[in-house]
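Chains, contacts and geometry: an overview
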Amino acid sequence: MALLQRRGQVTKKIGELKSKQAMPIYVPEREKALIEARRKEAEALGVSPDLIEDILRRMMRDSYHSQHAKYACVNNDIEKVVILGGGGALGKVLVSLFKNSDYPVEVLEQADWPNAANILKDADLVMVAVPINSTCEIIEALPSLKPSCILADVTSIKQAPLDAMMQVHSGPVVGLHPMFGPDSPGMIKQVVVVCEGRRPEQYQWLLDQMSLWGASLYHSSAQEHDHAMAYIQVMRHFSTFVYGQHLQQENPKLEELVAFSSPIYRLELAMVGRLFAQAPELYADIIFSNEQSVDLLKGFNRRFEDAISLLESGDKKGFVERFKQTAQWFGDYAKVCMVDSKKLLLKADDSHLLRKLK
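Below, the structure is looked at part by part. Please read all numbers here as calculations on a predicted model, not as lab measurements.

Topic: the overall build of the chain
Scanning the chain from terminus to terminus reveals 15 helices and 7 strands. Considered along the principal axes of its C-alpha atoms, the chain spans approximately 65 × 55 × 40 Å. Within the chain, the proportion of its 358 residues that are buried is 37%. For the chain, contacts bridging at least 24 residues in sequence account for 68% of all contacts bridging at least 6. Of the roughly 22200 Å² of accessible surface on the chain, a fraction of 57% belongs to carbon and sulfur atoms.

What to know about unusual backbone geometry
Residues other than glycine seldom take positive phi values, yet Asp-102 does so here, at roughly 70°. The phi torsion at Lys-189 lies on the positive side, around 65°, for a residue other than glycine. Structurally, Lys-189 can be placed in the loop between strand E5 (173-178) and strand E6 (191-198). Owing to a relative accessible area of 40%, Lys-189 belongs among the partly exposed residues under this scheme.

Some details on the pattern of salt bridges
For the structure on display, the rule yields 12 salt bridges. A salt bridge links Lys-189 to Glu-31; its shortest N-O distance comes to 3.1 Å. Of this pair, Lys-189 sits in the loop between E5 and E6 while Glu-31 sits in helix H2 (residues 28-45), and the two are 158 residues apart along the sequence. The exposure class assigned to Glu-31 is buried, which follows from its relative accessible area of 6%. As a salt-bridge pair, Lys-80 and Asp-122 come within 2.8 Å of each other at their nearest N and O atoms. Of this pair, Lys-80 sits in the loop between helix H3 (49-67) and strand E1 (81-84) while Asp-122 sits in the loop between helix H5 (116-120) and strand E3 (125-128); the two residues are 42 residues apart in sequence, bridging distant segments of the chain. Members of the salt-bridge network, linked through shared partners, are Glu-31, Arg-39, Asp-50, Glu-53, Arg-57 and Lys-189.

Considerations on the packing of helix H9 (residues 222-250) against helix H13 (residues 293-312)
Between H9 and H13, whose axes approach to 10 Å, the crossing angle comes to 60°. In terms of their interaxial angle, H9 and H13 are classed as oblique. Two packed elements cross with a definite hand, and for H9 against H13 that hand is right-handed. In contact with Ala-230, Tyr-231, Val-234, Met-235, Phe-238 and Ser-239 of H9, H13 contributes Ser-293, Leu-296, Leu-297 and Phe-300. Here the contact of H9 with H13 is composed, by residue class, of 8 nonpolar, 2 polar and no charged.

Focus on the packing of aromatic side chains
Under the counting rule described, the total for this entry stands at 7 aromatic pairs. A centroid spacing of 5.0 Å and a plane angle of 85° characterise the contact between Phe-98 and Trp-213, whose relative ring orientation is edge-to-face. Residue Phe-98 is found in helix H4 (residues 89-99), and its partner Trp-213 is found in the loop between helix H8 (200-212) and strand E7 (216-219); the two are separated by 115 residues along the sequence. Given a relative accessible area of 0%, Phe-98 falls into the buried group. When the ring of Phe-238 is compared with that of Phe-241, the centres are 6.1 Å apart and the planes differ by 50°; the resulting orientation is tilted. One end of the pair is Phe-238 and the other is Phe-241, both in helix H9 and 3 residues apart, which spans about a single turn. Site record: aromatic cluster; members linked through ring pairs are Phe-98, Tyr-103, Trp-205 and Trp-213.

Section: the layout of surface pockets
Within this model, the second largest pocket holds a volume of roughly 440 Å³. Around the second largest pocket, the lining comprises 18 residues; the ones closest to its centre are Arg-7, Lys-18, Arg-30, Leu-34 and Met-60. Put simply, the parts of the chain that give the lining of the second largest pocket at least two residues each are helix H1 (2-20), H2 and H3. In terms of residue class, the lining of the second largest pocket is made up of 10 nonpolar, 3 polar and 5 charged.

Quick look at the sheet that holds E7
Across a sheet, strands are paired by hydrogen bonds formed along the backbone, either parallel or antiparallel in direction. Pairing is mixed across the open sheet formed by 7 strands, whose spatial order is E2-E1-E3-E4-E5-E6-E7. Bordering the open sheet on either side are strand E2 (105-108) and E7, each of which pairs with just one other strand. Mean inter-strand twist for the sheet, computed between neighbouring axes without regard to direction, equals 25°. Inspection of the sheet shows E1 paired to E3 by 4 bridges, in the parallel sense. Bridging from a neighbouring strand, Val-81 pairs with Leu-125 of E3.

Topic: H1
End to end, H1 covers 28 Å across 19 residues, agreeing with the expected 27 Å (1.5 Å per residue, within 8%). Among the residues making up H1, those that are buried are Gly-8, Thr-11, Gly-15, Lys-18 and Ser-19. Taken down its axis, H1 places every buried residue within 95° of arc, on the same side. For H1, exposure combined with an orientation more than 90 degrees from the buried face picks out Ala-2, Leu-3, Arg-6, Lys-13 and Lys-20. Taken from the residues just after H1, Ala-22 is the one with a positive phi, measuring 55°.

Definitions and cut-offs
- Residues numbered from 1 in each chain as written.
- Predicted model: local features only at pLDDT ≥ 70, side-chain atom pairs only at ≥ 80, totals over all residues.
- Heavy atoms only, no water.
- Helix = DSSP H or I, 4+ residues; strand = E, 2+ residues; numbered from the N terminus.
- Buried < 20%, exposed > 50% of the residue type's maximum accessible area, 1.4 Å probe, protein only.
- Contact = heavy atoms within 4.5 Å.
- Areas by Shrake-Rupley, 256 points an atom, 1.4 Å probe, with all protein chains shown as cover.
- Salt bridge = Lys/Arg side-chain N within 4 Å of Asp/Glu carboxyl O.
- Axes fitted to C-alpha atoms, helices over the stretch in contact; angles between N-to-C directions.
- Parallel < 35°, antiparallel > 145°, perpendicular 65-115°, else oblique.
- Left-handed = near helix turned anticlockwise from the far one by under 90°.
- Nonpolar A, V, L, I, M, F, W, Y, C, P; charged D, E, K, R; others polar.
- Phe/Tyr/Trp six-rings, centres within 6.5 Å; stacked < 30°, edge-to-face > 60°.
- 1 Å grid on protein atoms, 1.4 Å probe; cavity = no way out; pocket = protein on both sides within 12 Å on 5 of 7 lines; lining within 4 Å.
- Points joined across faces, edges and corners; volume = space filled by probe spheres on them.
- Pairing = 2+ DSSP bridges.
- Expected span 1.5 Å × (residues − 1).
- Arc of directions from axis to C-beta.

In structure tokens, the structure reads:
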């Protein structure tokens, strides 16, 4: 513990140095090289390289969070950043990141709307971080922004907000989707999808700033993004919702389900429970706002019913054949999933045993 305490003091100083030198907190290549070197050393000493990697990754994760209290400011010419919805969960994360990079930040909430024109008139960056169901309405009601002002949104659908921003503002526009929840302390190792709008050279500094915060940027068209989100968010959340609702209506003893489950099933059950520990309005907005939701879910329902028909007819051979077809589609990624899930399962098993002791 004394060594970890000393290490924490050192990493804070490293964070200050990185801030002064405008260096990113998280450098994937550096982390990869360090872990590979330590794994080789472990093998030479007869120590489990997986154990060493596990310890290192936990320590590195803690180090990243101890360093992210201060970041360099990529663009010192920015005089005002305004976050619409900065008092919300994700909005607070964004406000914190900008403030930790020494940007002047103002928050515009619903109660401030009568004074919106005055707050926004000299803004250099306006970020819309409001609920999905009101995003386009708020964008369309924005007062005139100065021509050089960057207008961005951070909602989980992109085509409609991007179209609305392009319509109301003639200056630089970009659609962003931070692929993490409001419980994340920042952007370190988090994906942010970037949908180009207009004049990317004028908002490049914003993308550079997010990279400095540790984000991994993925560029996509708004159409491609929304299509992918139908699978990543809508289908997954809706299926989880139905599964949870089915459990609630069947009403088995939850404690028995947990007690009888292996680590992987406890982890799956934990993901279902996680959904119902959060705001229902958020997930309703995600599911109902994507135009592709109904057709995709109807297709999923047809395949679910078709799979049940295999079971009803006792067609085990047909089940195995379809299983093989799907495994072929996943290809080598299925093997990667085996390795990654094993690490998650070990952690899940440890946590479960500790809770039982309590």
